[in-house]
Each structure stands twice: as C-alpha cells, then as structure tokens.
2 protein chains.
Amino acid sequence: MILEAAVQEGDEVVLGPILQREGDILTRSIGGDVPLFPPSNFGVVDRGIYRSGFPSEENFPFLKVLNVRSIVYLCPEPYPKVNAEFVRSQAIRLFQFGIEGSRESFVTVSNRTIMEALRVLLDIRNHPILIHCKRGKHRTGCLVGCFRKLQNWCLSSMHEEYIKFASPKIRPSDMRFIEMFDVSQMMHCVLGIIYRYHGFGHQAPRLVYQKA
Amino acid sequence: MILEAAVQEGDEVVLGPILQREGDILTRSIGGDVPLFPPSNFGVVDRGIYRSGFPSEENFPFLKVLNVRSIVYLCPEPYPKVNAEFVRSQAIRLFQFGIEGSRESFVTVSNRTIMEALRVLLDIRNHPILIHCKRGKHRTGCLVGCFRKLQNWCLSSMHEEYIKFASPKIRPSDMRFIEMFDVSQMMHCVLGIIYRYHGFGHQAPRLVYQKA
C-alpha cells in the first residue's frame with residue numbers, strides 16, 4: 001500500500017532534485033527578498049482561477065507573480081485610480097459586474113449576471129483570472145458557489161467552502177442563492193465545450209445530452 | 001479601464017462558446033448525474049496540489065475526477081483497508097509521514113519530516129497530489145504553511161490561510177511552527193530547480209545565490 005516509505009526521525013534525508021514546471025509554484029515566486037502579500041481572503045479556486053478581497057497596492061507584486069490576465073470585479077463602484085492604473089500597466093482585462101453589496105443582494109440579482117460572469121470565468125483565454133469584490137466573502141462566495149455547482153459539487157461542500165471564506169459573516173440568503181441557481185441555464189455553453197474537446201461527432205449527440 | 005462592459009439587467013446575453021482545456025474544470029467533472037462529494041475541509045493549494053480531511057469512500061469518485069496521482073498522508077495510523085484498496089486500484093502513490101496528532105505535536109516534529117514532505121509536494125511527477133491528515137486542519141495546515149513560506153508569502157497571509165482551515169480549533173503552536181520553519185534548509189533543493197529550468201549557466205551562480 002505504502003509505495004514510498006515514510007521518513008524516520010534520525011534517517012539521513014537526501015534532498016534530490018525536484019521536477020518542476022517553468023512558471024510554476026516556486027519558479028514563479030522564489031527570488032525575492034521582500035515577502036509577497038496576497039490580497040485578504042485569498043484562495044485558489046481551480047487551476048488559473050483565484051478569489052480574494054479587494055486588492056490594495058501592496059498586493060500588486062503578488063498579482064504580478066500570479067501573472068493575472070483578467071479580473072472579475074463584482075462591485076458597482078468604479079475601480080480606484082491606483083487599481084485602474086495597475087490593470088492598465090499590466091494589460092489586465094477588467095470585467096466588472098456591479099452587484100450591490102447589500103445584505104440580501106443576491107436574492108434580487110438576476111441569474112443572468114452570474115451566468116455572464118461564469119462565462120468569463122470558464123474561458124481559458126481569460127486565465128489566470130482573479131474574482132474579487134470588497135471582502136471576498138459574499139458576492140465572490142456566491143459566484144464561486146455557482147461555479148462549484150457547474151463542477152457538480154454536492155451542496156454541502158459548496159456551503160462548506162462558502163462558510164470558510166465568509167465566516168463569521170455568513171448570509172443564509174447567499175447560501176439559498178447558490179442552492180437555487182439553475183445550472184441547466186449554462187448547459188448549452190457546457191455542451192459547446194464537450195463537443196469541441198471530446199470529439200463527440202454526429203454519432204453521439206444523444207449521449208452528450210444525457211450526460212449533460 | 002473597464003475593457004469589458006458589464007452586463008446590464010435586461011440586456012440580451014449571448015453565451016458564446018468557451019475555450020476550455022481538456023482535463024480542466026468542467027470537462028473533467030461534468031457529465032454525471034450524481035453529485036461529487038469532495039472530502040471535508042477540501043481546498044486547492046496550487047495547481048496540482050490539493051488539501052483535505054481524511055477521504056472516505058464517498059469521496060473516491062471526486063478524487064478520481066481530480067485524477068489524483070499521489071497522496072501525502074500525515075498520520076501515523078495505517079491506512080484503512082478501503083482507502084488502501086482505492087489507492088491500489090487507482091495506482092496512486094501513497095507517501096506517509098506519520099506525525100502524531102497531539103496538541104503540541106509540531107513543536108517536537110523535526111523539520112526533516114516537513115522538508116521531506118515538501119520535497120514530495122514540489123515534485124511535479126507526483127502531481128496531482130492530495131495532502132491530508134485526519135481533519136485537514138493542523139498537520140495539513142502546518143505543511144501548507146511551510147509550502148507558502150517557500151512561495152515567499154508574508155506571515156500574516158500564511159496564518160490567515162491556516163486559520164481559515166483550522167477554525168475554530170486554531171493552535172498557536174502550529175502558527176509558531178510555521179513562523180519558525182527555516183526555509184533556507186530547502187534552498188539547495190530550490191537552487192536545483194532554478195539551475196535546471198532557468199538556464200543559469202556558470203556565468204551567473206552568484207546571481208542565483210543572491211536571489212535565493
């Protein structure tokens with residue numbers, strides 16, 4: 001079962017060379033004396049998709065290391081000057097979806113806004129992409145929850161993740177929004193992906209339909 | 001500044017085709033009627049690196065979707081039979097580092113164990129890789145904290161992430177362990193990466209040393 005023996009205290013450990021992709025993990029972050037400051041409430045959602053609270057100037061070097069190509073910004077307020085200058089200087093594409101930050105906001109936001117944000121999120125031409133609102137809790141948490149729904153996660157895991165980032169300010173209305181989000185609306189989009197990349201030809205459209 | 005106009009309520013939204021990598025996000029999870037159950041306390045650490053609590057049988061389909069190739073298991077107890085059978089059937093490599101789960105465990109664990117676990121973690125031949133202990137809180141949190149230190153994260157962000165996954169059972173001893181972990185021990189390892197992939201020849205060893 002245990003293919004690799006555990007290291008024992010007192011054993012000699014030889015740290016051999018490590019295989020590492022260029023642009024990955026260490027190779028993309030090592031080499032600075034100054035520590036990197038990720039934005040508050042930062043997290044990795046999936047390969048090339050990140051989430052956080054509002055990035056401030058001290059977070060810009062970190063975003064450079066992530067090589068962020070696009071930002072999904074979920075507040076209605078205009079981007080502050082310093083942030084706007086940063087995205088311009090880095091040629092980052094800014095996608096703004098102005099969702100009000102009021103307590104029960106997500107109840108009144110139409111699914112269309114979320115769907116359009118998801119479409120941006122799923123498009124690898126926009127990756128690496130950062131989702132953020134003000135605190136990275138509620139609006140970001142709802143969008144990530146809907147994304148997990150597209151990934152076919154069970155509801156309790158979506159909620160567990162939402163709670164992790166929203167704590168201690170959990171909003172039941174957000175959790176209901178995630179539960180109620182109708183993932184089938186995105187399906188013709190998703191079907192496009194399946195058709196393109198899985199080589200389903202005219203022979204198997206029914207199979208695809210059943211799966212989706 | 002805003003390169004992409006936000007969608008307005010009432011606008012017609014056309015969901016065009018999305019560019020998606022094969023094996024990614026949707027293409028690797030869509031297509032099942034049964035929801036996927038990620039292990040408790042699941043999180044994405046970095047590309048190809050995941051963390052969680054102890055996976056149970058209901059989580060195995062999810063791990064299959066992630067295409068997990070290796071597991072770093074941080075408890076001293078033998079792997080349960082059902083888990084052992086799963087890793088064998090999937091040809092997953094299991095790396096066990098038996099760290100006691102007692103309250104002040106990390107104070108007494110030598111850095112050598114953590115270093116060896118980090119070496120496994122950094123090696124892309126082992127990716128996608130899942131780190132887990134029992135709850136995915138303390139032992140996993142310490143290892144991920146040390147990994148973030150290698151990534152040059154500031155201490156407050158490492159601690160913020162630790163707290164997110166360990167809450168509400170935060171252990172100050174773990175946070176001290178992360179703070180005190182001497183990242184320079186890993187440096188000859190990291191230097192090997194830089195030499196291999198960044199083409200530093202004999203001309204620039206000093207530069208590399210300064211950077212590390």
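Just so it is clear, the structure is predicted and the values come from calculations on it, not from any experiment. (Residues numbered from 1 in each chain as written. Chains lettered and ligands numbered in written order. Predicted model: local features only at pLDDT ≥ 70, side-chain atom pairs only at ≥ 80, totals over all residues. Heavy atoms only, no water.)

1. Description of the pairing of strand S2 (residues 49–52) of chain B
Residues and elements named next belong to chain B.
- Here S2 shows two buried faces, one formed by Ile49 and Arg51 and the other by Tyr50 and Ser52.
- Bridge count for strand S1 (residues 43–46) against S2 is three bridges, and the pairing is antiparallel. Looking at the pairing, valine 44 lines up with tyrosine 50 of S2.
- In textbook terms, the turn of a hairpin is the stretch between consecutive antiparallel strands, and for S1 and S2 this stretch comprises two residues, one of which, glycine 48, has a positive phi near 80°.
- Here S2 pairs with strand S5 (residues 129–132) via four bridges, running parallel. Along S5, the bridge assignment pairs arginine 51 with isoleucine 131. (Buried < 20%, exposed > 50% of the residue type's maximum accessible area, 1.4 Å probe, protein only. Helix = DSSP H or I, 4+ residues; strand = E, 2+ residues; numbered from the N terminus. Pairing = 2+ DSSP bridges.)

2. Some thoughts on the environment of phenylalanine 62 of chain A
- Here phenylalanine 62 of chain A lies in helix H2 (residues 60–66).
- Using a relative accessible area of 3% as the deciding quantity, one classes phenylalanine 62 of chain A as buried.
- Spatially, the C-alpha atom of phenylalanine 62 of chain A lies 26 Å from that of glycine 101 of chain A, the residues being 39 residues apart in sequence.
- If we skip the residues at most four places from it in the chain, phenylalanine 62 of chain A touches Leu36, Phe37, Pro38, Pro39 and Phe42 of chain A together with Trp153 of chain B. (Contact = heavy atoms within 4.5 Å.)

3. Side note on the packing of helix H7 (residues 155–166) of chain B against helix H8 (residues 172–180) of chain B
All names here are of chain B.
- Their axes nearest at 11 Å, the elements H7 and H8 cross at an angle of 145°. As H7 runs across H8, the sense of the crossing is right-handed. Listed contacts from H8 to Leu155, Met158, His159, Tyr162 and Ile163 of H7 are Asp174, Met175, Ile178 and Glu179.
- Split by residue class, the contact of H7 with H8 holds six nonpolar, one polar and two charged. (Axes fitted to C-alpha atoms, helices over the stretch in contact; angles between N-to-C directions. Left-handed = near helix turned anticlockwise from the far one by under 90°. Nonpolar A, V, L, I, M, F, W, Y, C, P; charged D, E, K, R; others polar.)

4. Some points on the pattern of salt bridges
All names here are of chain A.
- Throughout the structure, instances matching the rule amount to eight salt bridges over all chains.
- With a shortest N-O distance of 3.2 Å, arginine 119 and glutamate 116 are connected by a salt bridge. With arginine 119 and glutamate 116 both in helix H5 (residues 111–122), this residue pair falls three residues apart, about one helical turn. Judged on exposure class, the residue arginine 119 and its partner glutamate 116 are both buried.
- Two residues, aspartate 123 and arginine 125, come together in a salt bridge whose shortest N-O distance is 2.6 Å. (Salt bridge = Lys/Arg side-chain N within 4 Å of Asp/Glu carboxyl O.)

5. Concerning the side chain of arginine 171 of chain B
All names here are of chain B.
- Here arginine 171 shows up in the loop between H7 and H8.
- Buried within the structure, arginine 171 lacks any salt-bridge partner; its nearest side chain of opposite charge belongs to aspartate 174, at an N-O separation of 4.7 Å.
- A distance of 3.5 Å separates polar atoms of two side chains, one belonging to arginine 171 and the other to histidine 138. (Lys, Arg positive; Asp, Glu negative; His and termini not counted. Polar contact = N/O pair within 3.5 Å; in protein donor to acceptor, adjacent residues only side chain to side chain.)

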